[in-house]
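# Structural overview for review
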Amino acid sequence: MTHLSLRQIQIFDSVARYENHTRAAEKLHMTQPAVSMQMKQMEKALGIDLFERHGKSLSLTSSGKSLHKYSHEIIQAYNNMLDFADDVKGCQQGHLTISVASTANYFASRIISAFSKLHPDITISMDVTNRRTILQQLQCYEPDLAIMGEPPEGVGLMSEELMPNPLVIIAPPEHPLKDKEKIAIKDLQGEKFVVREKGSGTQKTIKRHFSNAGLCCTTTLEMSSNEAIKQAVSAGFGLGVVSYHTIDLELSSQRLITLNVESFPLQRYWHLVAHKEKAVSPVADAFKAFLRTQAKHYVP
Ligand code: PGA
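Per chain, residues are indexed from 1 in the order of the written sequence. Confidence filtering applies because this is a predicted model: local features only for residues at pLDDT of at least 70, side-chain atom pairs given and counted only at 80 or more, and all residues used for totals across whole chains, interfaces and linings. Excluding hydrogens and water, the side-chain values take into account all heavy atoms of the structure.

### Notes on the pairing of strand β1 (residues 51-54)
- Here four bridges tie β1 to strand β2 (residues 57-60), and the two strands are oriented antiparallel to one another. Across the sheet, the residue bridging to R53 is L58, located in β2.
- The hairpin turn running from β1 into β2, its antiparallel successor, is two residues long, and G55 in that turn takes a positive phi close to 60°. For two strands to pair, DSSP has to find at least two bridges joining them. Strands here are runs of E lasting at least two residues and helices are runs of H or I lasting at least four, both read from the DSSP assignment and numbered beginning at the N terminus.

Here it is in structure tokens:
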């Protein structure tokens, strides 16, 4: 059975392209006699003439021309195979830097852990911080990706919507409005609120919403974590506005309740965000694809 090595096909492809042994030898980092010998062996193995030799010059026979088309396809497929292997390797190893809004952390850690089980050789650094800091980090090209509320437009960011982020009003179980079926926003006038810190997306949204509704809310405490807000609300400091993502345990253990206030849950959306000019690594691409398929399982 005729046998040709991949190396011979590569050499033939190169000689056929340049119709010159010396040029092909240079490209392949071989000597000219070694190239010439390989081509003679290939002709012998195939039993056909590939080249016409006129003194020092060389040209392809018509069979040689036809074979050149095949050799070109073989080399192309071989290179594609190597590129594919590199891509696979690229998204199995490497490092992912991700920034997550404090509130998104309630589901992001679980998604990242699931991703990490599939790609154990990828190392991940995750910063959990508020909206303002994430925007600053993105402007400095720090994280590969961020999970946050809607980013501002016109600042060089690309974003795609991932899933809903409903904001609800929480209260201690004994709150006087607990049994009221439909609470008008104006009924909250006079209530005290425990809110997130300046720079938080949740605070920004709720302030804008209350002000549009003509409600002037009194803030008793400003706190930089959702956990602290839940503790303060259950201790009686006032009402709170938090994402539904954050209150699973408190609702099931009845430490907190949600109030049925008009226009709530206030619908926000989580976004996957990156700087448009930051190169997307294969690892970041793999995580994006994973997130797009998995996000729906984490809708509260
Ligand atoms: P944060 O996140 O309130 O934790 O900053 C929400 C958002 O980015 O909108």
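### Details of the pattern of salt bridges
- Throughout this description, the term salt bridge denotes a Lys or Arg side-chain nitrogen within 4 Å of a carboxyl oxygen of Asp or Glu. Summed over the entire model, instances satisfying the criterion amount to 11 salt bridges.
- When the shortest N-O distance is used, the salt bridge between K278 and D144 registers 4.0 Å. Taken together, the positions of K278 in the loop between β11 (266-275) and α10 (282-294) and D144 in the loop between α6 (131-139) and β5 (145-148) put the pair 134 residues apart, joining distant regions of the chain.
- Between buried and exposed lies partly exposed: a residue is buried under 20% and exposed over 50% of the maximum accessible area for its type, with that area taken using a 1.4 Å probe on protein chains only. With relative accessibility at 23%, the residue K278 sits in the partly exposed group.
- A relative accessible area of 13% places D144 in the buried class.
- Put simply, E227, K230, E250 and R255 are held in one network by salt bridges that share partners.

### Digging into the side chain of T205
- Mapping T205 onto the fold places it in helix α7 (residues 201-212).
- Pairs of N or O atoms are called polar contacts if they sit within 3.5 Å, as long as, within protein, a hydrogen donor faces a hydrogen acceptor (for residues adjacent in sequence, only side-chain-to-side-chain pairs). One polar contact links the side chain of T205 to the main-chain carbonyl oxygen of G201, over a distance of 2.7 Å.
- Among the polar contacts made by the side chain of T205, one reaches the side chain of R268 at a distance of 2.9 Å.
- The contact rule is simple, with two residues in contact once any of their heavy atoms fall within 4.5 Å. Beyond its immediate stretch of four places on either side in the chain, T205 contacts L167, L266 and R268.

### Describing the nonpolar core
- We call a set of buried Ala, Val, Leu, Ile, Met, Phe, Trp, Tyr and Cys residues a nonpolar core when their side-chain atoms join them within 4.5 Å. Core analysis: the largest hydrophobic core is formed by 33 residues, its most contacted members being L96, F107, L138, L145, I147, L162 and F287.
- Broken down by secondary-structure element, the contributors of at least two residues to this core are β3 (94-101), α5 (105-118), α6, β5, β6 (157-171), β11 and α10.
- When residues of this core are assigned to their parent elements, the largest contribution, six residues, is made by α10.
- Once residues within four sequence positions are removed from consideration, F107 is found in contact with I147, M163, H245, W270 and Y298.
- Counting residues in each nonpolar core, the second largest holds 19 residues, with I185, L215, I257 and V261 among its members.

### Focus: the pairing of strand β8 (residues 218-223)
- The sheet contact formed by strand β7 (residues 192-196) and β8 spans five bridges and is parallel. When the sheet's bridge partners are listed, V194 is paired in β8 with L221.
- Handedness is read with the strands pointing away from the viewer; a crossover is right-handed when the path from the first strand over the helix to the second is clockwise. Of the crossover connections in this fold, the one passing from β7 over α7 to the parallel β8 is right-handed.

### Regarding the environment of Y269
- Following the sequence through the fold, Y269 ends up in strand β11.
- Residue class for Y269 comes out partly exposed when judged on its relative accessible area of 33%.
- Once the C-alpha coordinates of Y269 and G149 are considered, the two residues, 120 residues apart in sequence, prove to be 6.0 Å apart.

### Describing α6
- If you check which residues of α6 are buried, you get R131, I134, L135, Q137 and L138. Buried residues of α6, viewed axially, fall in a sector of 160°; they line one side.
- Buried-residue contacts for α6 involve β3, β4 (122-129), β5, β6, α7 and β11.
- A distance of 3.2 Å separates the backbone nitrogen of R132 from a side-chain oxygen at the start of α6, and that oxygen is part of N130. Comment: arc refers to directions from the helix axis out to C-beta atoms.

### Brief notes about a nonpolar patch on the surface
- On the surface, L6, Y70 and I74 cluster together into a nonpolar patch covering about 280 Å² of accessible area.
- Of note, L6 is situated in helix α1 (residues 6-18). Patches in this entry comprise residues that are over 30% relatively accessible and not in a salt bridge; like charges within 9 Å are linked, as are nonpolar side chains (Val, Leu, Ile, Met, Phe, Trp, Tyr) within 5 Å. Computed with the Shrake-Rupley method and a 1.4 Å probe, the accessible areas treat only the protein chains shown as cover for residues.

### Considerations on the domain arrangement of the chain
- Domain parsing of the chain yields domain 1 (6-71), domain 2 (78-163 + 269-298) and domain 3 (164-268).
- For the domain bounds, the source is a domain assignment made automatically or taken from a database. Each of domain 1 and domain 3 has a C-alpha centre, and these two points are 77 Å apart.

### Comments concerning the site of the ligand
- We define proximity as follows: a residue is near a molecule or strand when any one of its heavy atoms falls within 4 Å of that partner. Contacts to the ligand come from 13 residues, most closely from T103, G149, S200, T202 and R268.
- In this structure, G149 approaches the ligand through a main-chain N or O atom, which is 2.9 Å from an oxygen atom.
- Contact between the ligand and R196: an oxygen atom at 3.0 Å from a side-chain N or O atom of the residue.
- Surface burial for the ligand is 100%, taken as the share of its 280 Å² of free accessible area covered by protein chains.
- Elements supplying a minimum of two residues to the shell around the ligand: α7 and β11.
- Only Asp, Glu, Lys and Arg are considered charged, only Ala, Val, Leu, Ile, Met, Phe, Trp, Tyr, Cys and Pro nonpolar, and every remaining residue, Gly among them, polar. Across the shell around the ligand, the residue classes tally to three nonpolar, seven polar and three charged.

### A short note on α1
- What a helix is expected to span follows from its residue count: subtract one and scale by 1.5 Å. Here α1 is 13 residues long and its end C-alpha atoms lie 19 Å apart, about the 18 Å a rise of 1.5 Å per residue gives.
- Taken as a whole, α1 has its buried residues at Q8, I9, I11, F12, D13, S14, V15 and A16.
- At its buried positions, α1 is contacted by α2 (21-28), α3 (32-46), β1, β2 and α4 (62-92).
- After α1 finishes, the residue E19 shows a positive phi value of roughly 45°.

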